[in-house]
Amino acid sequence: MTGLLWDMVRGRRGQFGLTLVLAALATAAAVASPAYLGAVEAQIVAGRFAAASTVERTVELAATVPRLDVGFERDATPRLAGPGLTQVFSAEITMIPAGPDKVPPADSRRVGYRQDLCDHVVVVAGRCLMGGMEVVVTERAAAALRVRPGDALDLSAGTYSGAEQIYRPAGASVLLTVVGVVRARDGAEPYWCGTVGDAPFYISRSTLNAIDHPDETQHLAAYFAPRGVPVATLPALRAWLAASGAQKDGGTQLGTRLPDLVGRIDADLAQARAVAPVAAVPLAALSWALVVFAAAAAARARRQELGVVALRGVTGVRRGWFAAAETALAVLAGAPIGYLAVAVLGGRYADPLMLTAAGVTTVGALAVAVAAQLRSAGRPIAELLRETDRRSGHWRSLTLEILVVVLAAVAVAQVQARGGTLSGVALLAPPLVMLAVGLIAARLAGPLAARIAGWALHRGRLVTALTATRLARQPTGRRLLVLLVVAIGSLGFAATATDVSAATVDQDAALAAGAPTVLTVHGTTRSALLAATRAVDPEGKFAMAAVPLPALSSGARPVLAVDSSRLPAVALWRPGYAELPPRDLAARLQAGPAADPVRLRGTTLTVELTLADPSTVVSTLYAVLAPDNGAPAVAVGFGALQAGRHSYQAHDPACAAGCRLVALKIGITTAIGPVCHLTVHRLDADGTPVDLTRHWEAAPSATATATADGLALTLPSTSRSNAGTVRPLDLTAPLPVLSTGPLPPDGALGLFDGDAATAAVAAPLRAVPGLGRRGMLVDLERADLLSTDSGEVTEGQVWLAAGAPPTVEIDLASRGITVVAHHTVADERAALGRRGAPLALRFFLVAGALAALLGAAGIVVVAVSSTDAYGVLRVQGVSRRVTARTDAATALSVVIAGVVAGLVAAVVAWATIGLFLPSLSIDAPRPSWTPLWTVLVAGAALAVVALAGQLASRRRR
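Residues numbered from 1 in each chain as written. Predicted model: local features only at pLDDT ≥ 70, side-chain atom pairs only at ≥ 80, totals over all residues. Heavy atoms only, no water.

1. Focus on unusual backbone geometry
Link 1 in the chain: Although it is not a glycine, Asp116 adopts a positive phi angle of roughly 55°.
Link 2 in the chain: In this structure, Asp116 sits in the loop between β3 (109–114) and β4 (121–126).
Link 3 in the chain: Since its relative accessible area comes to 44%, Asp116 is described here as partly exposed. (Helix = DSSP H or I, 4+ residues; strand = E, 2+ residues; numbered from the N terminus. Buried < 20%, exposed > 50% of the residue type's maximum accessible area, 1.4 Å probe, protein only.)

2. Topic: the environment of Asp101
Link 1 in the chain: Take Asp101: it is sitting in the loop between β2 (86–97) and β3.
Link 2 in the chain: Here the alpha-carbon distance between Asp101 and Ile166, two residues 65 residues apart in the chain, equals 9.8 Å.
Link 3 in the chain: Contact partners of Asp101, with chain neighbours within four places excluded, come to Tyr167, Arg168 and Pro169. (Contact = heavy atoms within 4.5 Å.)

3. Focus on the sheet that holds strand β28 (residues 748–750)
Link 1 in the chain: Spatial ordering of the open sheet is given by β28-β29-β27-β30-β14-β13-β32-β11-β33, a layout of nine strands whose pairing is mixed. Edge strands, defined here as strands with exactly one partner in the open sheet, are β28 and β33 (818–824). Strand-to-strand twist of the sheet, defined as the mean angle between neighbouring strand axes without regard to direction, takes the value 40°.
Link 2 in the chain: Where strand β27 (residues 735–739) meets strand β29 (residues 756–764), five bridges bridge the pair, whose relative direction is parallel. Bridging across to β29, Ser739 finds its partner in Pro764. (Pairing = 2+ DSSP bridges. Axes fitted to C-alpha atoms, helices over the stretch in contact; angles between N-to-C directions.)

4. Points about empty space enclosed by the protein
Link 1 in the chain: What the rule picks out here adds up to four cavities of 30 Å³ or more.
Link 2 in the chain: In this structure, the largest cavity encloses a volume near 90 Å³.
Link 3 in the chain: Along the wall of the largest cavity there are 13 residues; nearest its centre are Val278, Ala279, Pro282, Ser490 and Ala847.
Link 4 in the chain: Looking at the lining of the largest cavity, the elements with two or more residues in it are α7 (258–301), α13 (429–458), α15 (475–513) and α22 (836–865).
Link 5 in the chain: Classifying every residue of the lining of the largest cavity gives eleven nonpolar, two polar and no charged. (1 Å grid on protein atoms, 1.4 Å probe; cavity = no way out; pocket = protein on both sides within 12 Å on 5 of 7 lines; lining within 4 Å. Points joined across faces, edges and corners; volume = space filled by probe spheres on them. Nonpolar A, V, L, I, M, F, W, Y, C, P; charged D, E, K, R; others polar.)

5. Side note on the nonpolar core
If you look at soluble globular proteins, the nonpolar side chains tend to sit buried side by side.
Link 1 in the chain: If you look at the biggest cluster of nonpolar residues, it comprises 124 residues, and the most contacted ones within it are Leu237, Leu258, Phe844 and Leu917.
Link 2 in the chain: The dominant element in this core, judged by the number of residues it contributes, is α7, at 15 residues.
Link 3 in the chain: If we skip the residues at most four places from it in the chain, Leu258 touches Val55, Glu56, Val59, Phe224, Leu237, Trp240 and Leu241.
Link 4 in the chain: The next biggest cluster of nonpolar side chains, apart from the first, holds 34 residues, and it includes Val607, Cys655, Cys676 and Val680. (Core = buried A, V, L, I, M, F, W, Y, C linked by side-chain atoms within 4.5 Å.)

6. Examining the pattern of salt bridges
Link 1 in the chain: Counted under the stated rule, the structure contains 26 salt bridges.
Link 2 in the chain: Here Asp212 makes a salt bridge to Arg67, at a shortest N to O gap of 3.8 Å. Here Asp212, found in the loop between α5 (205–210) and β10 (215–223), pairs with Arg67, found in the loop between β1 (58–66) and α3 (71–79); they are 145 residues apart in sequence, far enough to count as distant.
Link 3 in the chain: Among the residues examined, Asp212 registers a relative accessible area of 32% and is labelled partly exposed.
Link 4 in the chain: Ionic contacts of the salt-bridge type, sharing partners, join the residues Arg534, Asp537, Asp563, Arg566 and Glu781 into one network. (Salt bridge = Lys/Arg side-chain N within 4 Å of Asp/Glu carboxyl O.)

Laid out in structure tokens, this is it:
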């Protein structure tokens with residue numbers, strides 16, 4: 001029997017090779033999804049870890065322990081022994097110059113030990129640590145303290161006296177020798193993670209133990225490599241986090257926000273795993289269908305051979321082996337080839353999901369192929385010898401077609417009822433919709449072709465008549481039509497999903513960035529940032545200052561303060577962000593008259609006031625002044641207040657060139673109970689008085705009333721930090737905001753100083769540039785005037801429009817604004833493109849291309865298995881030219897019908913299911929014309945394959 005099998009293979013090498021290639025292609029198509037998904041998962045983890053902040057990629061523990069105590073290190077080391085973590089231990093003490101019995105904090109020195117320090121620094125001068133009683137100094141500290149190698153430092157441990165605000169000696173003095181000046185090899189290296197260990201003076205562990213000191217701060221940090229951990233390690237990492245007590249949102253026994261990072265990774269992985277099967281299912285179905293198609297075509301070609309075998313009395317078992325062995329061998333030989341092809345391209349060989357997909361596909365393809373062969377071998381002998389087709393195949397059953405249509409409708413309804421959850425039957429919705437359209441098209445193709453044939457015969461159009469008659473009578477063309485409809489529909493659906501996903505990423509990137517380019521600046525003040533930005537762009541055409549406001553609570557909407565007059569020209573606005581145009585929104589932010597700020601000029605401030613009944617309140621007075629040159633605001637103290645009417649003076653050069661009076665702050669107790677009553681009679685700078693009759697704003701429950709005798713203040717003691725703050729009313733309340741939702745019931749909006757101001761929604765927004773679908777916008781200048789802090793900016797921004805000149809950063813630097821980061825929409829697009837759903841949706845295009853390739857393979861199968869259907873007609877005088885044109889027209893007709901119906905299937909599938917894919921929504925951008933052109937190009941390629949196949953088949957015959 002084995003010899004007979006090899007004889008069959010040699011006798012039908014072309015058919016065997018075609019089945020082998022189709023089996024390999026089917027396996028490759030099935031394995032492509034898990035292979036791509038595995039690569040996507042690895043990219044998600046690596047991208048999330050690379051983009052995570054230091055605190056999210058580290059875990060740390062710290063404690064203050066007595067000298068030579070190793071208990072903390074012993075207990076903490078196993079606690080931080082998580083998967084993929086590298087540990088670094090450090091310890092730190094505070095030392096002061098030996099001799100004086102008290103030292104101010106400015107003269108203290110932080111001296112510490114850090115594990116493997118010399119492997120992570122560059123020696124600028126001298127050498128690194130080698131022996132005892134040696135110390136190396138950071139480059140910045142060496143420059144500030146004028147320390148160089150060879151210097152001797154006579155130091156002793158110090159302890160801080162909080163009441164005196166000084167350091168006192170806490171141990172015997174030691175003499176440390178400076179042996180080197182160092183700097184970090186890479187300041188962004190994870191090794192430098194943690195809150196302790198950044199001391200300017202570093203010593204060895206033995207030197208630290210030898211120094212006499214009462215206690216030390218020990219710190220153990222564990223960090224991940226920039227690419228994080230393998231995907232396979234994530235379950236172990238989650239289990240370790242749960243066992244260690246770490247929780248999301250910073251609620252943790254460990255110093256880390258790693259659970260937040262793992263949560264984002266899990267969300268991305270879930271999205272990717274939800275998207276990939278939507279593309280993989282129709283691909284797998286097409287693969288099996290193609291194998292069945294090829295097996296059926298092979299069985300159809302072998303009908304006479306099987307009939308002769310049956311006629312000679314071969315038993316049923318042997319006939320089944322004879323019919324199925326050749327196809328089974330081709331499938332079993334082709335499956336490993338397809339698996340290895342994908343494994344080599346993807347660099348993944350023993351992936352469990354890939355092996356499972358390959359096994360399921362191979363078993364399924366083998367089962368359907370053998371079943372098709374056995375079904376053919378089991379037909380009656382007369383039917384096999386006559387090579388006739390059954391007129392009632394199960395695949396053509398009207399009941400089965402109705403069932404497919406009903407299942408498609410149920411799947412679509414389930415998707416929409418579940419709000420877009422693609423699981424269970426809903427996961428089959430796209431291929432079921434395409435298959436339903438394909439079956440309907442095939443059902444309509446027969447009667448339509450018959451009508452065309454009759455019409456053509458009456459008009460003497462022979463080629464058209466023969467083509468339509470062949471399509472109406474032969475089931476192979478209709479089967480191929482269903483296959484092409486699903487293939488083209490899959491490609492169209494995939495191209496549309498990819499196109500809309502890319503447009504959604506572009507849209508979200510513009511929303512997240514806020515402007516074409518965003519510069520991040522540090523080390524300045526809000527007033528200086530406003531002034532510099534306006535000086536660089538005096539006409540307000542391309543530059544805008546922006547500063548985020550701190551949130552009053554963890555669940556509050558993020559707030560961004562912007563120079564609203566420039567918002568329309570700089571920010572990236574879409575019509576869907578708000579009902580009003582940007583210019584009107586900017587006007588809303590500036591609505592309401594603004595009072596003139598209180599301006600002062602002078603170095604001596606004098607205040608005359610009367611304090612009534614100070615027995616229950618211990619009071620001090622400060623004036624918060626914001627210099628006009630953009631320097632940070634300062635609080636100038638007038639000293640302790642005394643009962644009765646007195647004058648107080650404060651000297652400070654902050655107002656020498658002019659400043660703004662931000663607020664008066666009276667230091668009252670934070671305990672609830674006493675009420676402070678005082679009257680300010682006079683306030684002047686170098687003799688120039690301030691108008692006290694203007695409006696003043698006090699904290700809630702406090703009052704500030706202008707009287708004939710001055711400004712009368714009633715300040716109840718409360719737990720609020722601003723209970724004793726009184727400020728000139730620079731703006732009429734409430735502060736206008738643009739918000740994506742309602743304000744809190746009390747209308748409170750947190751300002752830069754952490755206090756709350758009364759605000760009101762001036763216009764609703766659906767999205768906020770730079771913040772997303774949830775947030776608020778306020779005017780930066782108004783929010784700055786209402787805040788009583790120093791005005792310093794920890795993370796300010798300068799938004800630039802597309803036409804901004806390339807010298808903006810240089811111009812800002814010349815005005816004292818240091819740019820520390822440069823972010824564009826392209827950067828945001830790249831970051832969003834590394835998320836789970838966008839990465840997984842790219843597989844749709846791969847799956848669509850593979851589906852089109854499977855469609856081409858189906859055309860080849862039909863061409864290879866086709867027989868001469870026009871022999872009798874040529875005997876009757878029909879020329880070969882007519883039959884050749886008929887073959888070409890038949891092939892092209894099936895392809896054209898498949899492309900048209902496939903486009904319909906793609907449109908129906910997208911309209912009913914497409915927008916429920918993860919990362920997409922009902923307000924996603926409309927598809928462009930790219931998917932249509934993709935389908936048309938694929939259709940043209942299939943037409944070429946069909947014509948080439950027919951030509952090759954005719955030459956073979």
